[in-house]
Amino acid sequence: MKTEERSRLEVPVDLRSAQRKVLFLAVMSAMVAALVLATPNALLGSDKAAEVAHFIAEMAAFAVATHVIATAWCGLSPSVCRVANALILCFGVIAGLDLLHAMTHEAGHHPMLALNESTADFYWIAGRLFQLAVVAVLLTHLSLPWQQTWWALGAFVILCIIAFIGLRMGTEQLSANAAEAGAAGLAMANLVASFAFYARLRARKDDSELWLALSTFFAAASQLIFGLYGSRSVQAEFMVDVFRLGSYACLTRALYLAGVRGPIRRLVLAENLLKERESELNTIVENIPAGLCRLDANLKLRYANRNFRKIMRILHRHLPGTPFDAFVQPEDAPVLKDHFQHALAGARVEFDFSTSLAGAEPRYRHVVLAPTSREGVINGVLAIISDVSERENAIRQAADAAHETLELKSALDAHAIVAVTDARGVITRVNDKFVAISKYPREELIGKTHRIINSGHHPKGFFADMWKVISSGEVWNGEICNRAKDGTRYWVQTTIVPLINEKGVPEQYIAIRADITKRKEAEAEAQRMALHDALTGLPNRRLMGDRLQHAIDAAHRERSFGALLMLDMDNFKDVNDSFGHAAGDQLLRQIASRITECVRKTDTVARLGGDEFVVILEKLADTQAQATANTLDIGTKILEALRQPYTLSAQTVNTSASIGVVLVRGDDDCPDEMVKQADMALYEAKDEGRNRIVFFDPKLQSEINSRAELLRELRWADERGELRLFYQPVVNANLDIIGVEGLIRWQQHRLGLVSPADFIPLAEQSNLIIAIGEWVLKEACRQLREWEGDELRKHWTLAVNVSAKQFHDENFVSSVIRILEATEAPAGKLRLELTESMMHVNVDRTIVKMQTLKTLGVLFALDDFGTGYSSLSYLKRLPLDHLKIDKSFVNDLETDSNDVAITRTVLSLAENMGLSVIAEGVETAEQLRLLRSYGCQAFQGYYFSKPVPKEQLAISVGRTSDLISS
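Residues numbered from 1 in each chain as written. Predicted model: local features only at pLDDT ≥ 70, side-chain atom pairs only at ≥ 80, totals over all residues. Heavy atoms only, no water.

> I'm lost on the nonpolar core in this one. Help?
Membership of the largest hydrophobic core comes to 78 residues, with the highest contact counts inside it found for Phe-812, Leu-832, Leu-880, Leu-883, Val-922, Phe-939 and Phe-944. When residues of this core are assigned to their parent elements, the largest contribution, 10 residues, is made by helix H26 (residues 768-787). Other than its neighbours up to four places away in sequence, Phe-812 contacts Leu-777, Val-802, Gln-806, Phe-807, Leu-832 and Leu-853. Ala-84, Cys-90, Phe-91 and Ala-193 belong to the second-largest nonpolar core, a separate cluster that totals 53 residues. (Core = buried A, V, L, I, M, F, W, Y, C linked by side-chain atoms within 4.5 Å. Buried < 20%, exposed > 50% of the residue type's maximum accessible area, 1.4 Å probe, protein only. Helix = DSSP H or I, 4+ residues; strand = E, 2+ residues; numbered from the N terminus. Contact = heavy atoms within 4.5 Å.)

Take a look at the structure:
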């Protein structure tokens, strides 16, 4: 029995009330005894009355002693049962001796027995000795074996022996003094026992001990009075009997409390507790989340809780005596019966089964059967039924996802890196992935902290913040760089989950990591690529800006000079077009390498894009003059290195570079402005003939501003109607006009007529050339359509120049076709003049475009022939109609034999290829004469007419003889 339940069965005792009651009885008894002893003998009347009273008292004592025996014989308390045999033995003797004392006393002895008063005193003293033995038994809890009957017989035998001894003493006189002295000794012994019982009362808090103390007190009083007065006083004998009777009564009370009332009250409390526990058990059974039922040996239902009725869907009135197969599906009954039979055979059975009703989803049950028994005989089965439908459904859902889980498992195993630590961060467990990535054996990790893999990458505050989060019970997420045993570093995405105990304090931490080393390397590479040029590996524009700002700050801080060099390759586009983009990329890488070798490791070489490079020089000198000289030396070294031949796919290429320089002073320098200034100086170097170094001059700034202003005005030129098309005649050998070339002019409202040399490069750089070129085509086709009605001009062709950007635009062909259709111009009289350079970019696509327009009748001429990197293999494939000899060859025909040879070669080549030739830039009669002598049949130049508006365009240029003579 549990301590709590045992305490609830203890009979509550009001010790203070009991003490007051007993003390009152003791005091009152003492007062009555004193009063009686002080009263004359006449108080009890005659001697006969005294003898009768004494006899009645003795009989009452005998009756009480007999009651004590009965109480001990039938006692319910374990404490009484332990001393029952001793009580039966002693009080059996006491009852007999009290009876013998009453019979032998002068007031009640048998008239036929000639016994004197000393025999009665002997029996009385012997009874008191046994009464003291009872006290000793109660104090020591003496337990005697065997059955009670044997001890009752033993009491009878002892009584017979004592009676025999008393009868033998009947003729002898027992000394009165000896009897009184013995009584006094017994009184002292009982008084000591009384104090012992009272002392035990304070320890055991049992009110029966109080009554035992009072019993021994009364016994001591009785024996003390006997020892003091003997038989000399009737009142003394009366009080002796009264106190002895009180002693018996108190002992009876004590035995009653301990052996009857206490067990009965505990029995009542136990019954109430049992009912309470039964109610609790019923409540528990009715509310447990499982069905519970009990079946008898015939498998008939005897009890079922609420959940069982709910799970099996049965009504309460159907339960008593219902066979189990009445509440299961018929097809399930045979299988279930087998399980029940196994349980009735003494086995514990556990199984699952399912039931389904029409139109409803199946329900799954888990059943546990346990046999019940009484006195070792199995008399039924206890069944516990749980509705596990959700579990089964979850299992089936898990089974559906099993294939996917298996596929993900290997990836998860390869990804998850797990470690468990205690509250101090000491590693207690790691998985194989942790061991693999850290390269530490498991035994070297267990018992250590994560300092063993600390890479030193993170600041101390990083881990302090992490511990602050997880020690407060929150989950921490972040990226950590660790160091493996071999020194290599690796990155992990980490989630640390604290495991909280019942006090709300983390007692363990679980760290779940994923290897993100490749991702971090990719991010680092992406960051590097974001700041570096992918082709050359040099810093890009963005990083160059940071480095330039750093150089400006350093110059300002240290009062020194630096320099910014803007470098652009000369004629790189021609090399790229001639040898292809792969060769161009190879060339750029070699250029980057050569520039890097020419500068210090502390300097910066960056690629802005295309063939543009930037060099940032720091701490050149403390004076501007020395810094300029040092910059010039380094720039010259770079130019010389870049001028050396390059080997590209077994081909040798020569090129050069132009450099624009601006000094870094660090005062009010602005990175963007410095780049612009270096760019200005670069363009100045280009204009001065390339392959040179030019330092920025503030005058360049005004030139750039003028060009920017000009570009802004050019954007509005078409809308303002400021564009004009001028015409320059093309004549034959007879000087008859056979066509014209349309040349664009810009009549600016403030600046007047702007030269094409000023605005065409701007249009090329800003992509305005496509819109301007389309305007030229529209104007030329409109003019051709107009000349169709002029008998003198309708046979003329009209040529226009097409820029590379315009020709390579994906909408060029469709634009030409649309313009021809819109203007209804004769396509056969439109000649498109192309440059050699555009023939090297995707020549196959170029040929397709030309052939598409050729099918409409459009003519094509190759302008400035011989000035580029022409390839005869390209030339024979192109669907050309004309070649135009460049003005540079015509200018020196009179003095340069090479120009003569080139011109005659071109004429011969064209004749063999079936192409007509037009000589450009004819400005003298001698040039005309020589060209005619070489066989040239068409001419164009200022000798005949400068480009003029259509209103000034004549229908002829004059007679041959006049022109020649002039």
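Text resumes after the structure shown.
> For this particular structure, what's the right way to read the pattern of salt bridges?
If the charged atoms of two oppositely charged side chains come close together, the side chains can form a pair. According to the stated counting rule, one finds 34 salt bridges in the structure shown. With its nearest N and O atoms 2.4 Å apart, the salt bridge here joins Glu-640 to Arg-643. Of this pair, Glu-640 and Arg-643 both sit in helix H21 (residues 624-643), separated by three residues, roughly a single helical turn. Take Arg-643: its relative accessible area is 34%, and that puts it in the partly exposed class. (Salt bridge = Lys/Arg side-chain N within 4 Å of Asp/Glu carboxyl O.)

> Please explain the packing of helix H28 (residues 812-823) against helix H29 (residues 843-854) as it appears in this structure.
Any two packed helices are characterised by how steeply their axes cross, that is the angle between the axes, and by the distance between the axes. Relative to each other, H28 and H29 sit at 15°, their axes nearing to 10 Å. By the angle between their directions, the pair H28 and H29 is classed as roughly parallel. H28 and H29 meet at a crossing whose hand is right-handed. Contact residues: Phe-812, Val-813, Val-816 and Ile-817 in H28; Lys-849, Thr-852 and Leu-853 in H29. Partitioning the contact of H28 with H29 into residue classes produces five nonpolar, one polar and one charged. (Axes fitted to C-alpha atoms, helices over the stretch in contact; angles between N-to-C directions. Parallel < 35°, antiparallel > 145°, perpendicular 65-115°, else oblique. Left-handed = near helix turned anticlockwise from the far one by under 90°. Nonpolar A, V, L, I, M, F, W, Y, C, P; charged D, E, K, R; others polar.)

> What's the story with the sheet that holds strand E10 (residues 506-515) in this structure? I'm lost.
Pairing between the strands of a sheet is mediated by backbone hydrogen bonds and can be parallel or antiparallel. Taken in spatial order, the five strands of this open sheet run E7-E6-E10-E9-E8, and their pairing is antiparallel. Two strands close off the open sheet at either side, each with one partner strand: strand E7 (427-430) and strand E8 (476-483). Across this sheet, the average inter-strand angle for adjacent strands is 30°, counted without regard to direction. Where strand E9 (residues 489-500) meets E10, nine bridges bridge the pair, whose relative direction is antiparallel. Across the sheet, Thr-494 pairs through a bridge with Arg-513, a residue of E10. Strands E8, E9 and E10 of the sheet are contacted by helix H16 (residues 460-471), whose axis makes an angle of about 140° with E8. In this fold helix H17 (residues 517-531) packs onto E8, E9 and E10, with an angle of close to 130° to the strand it touches most, E9. (Pairing = 2+ DSSP bridges.)

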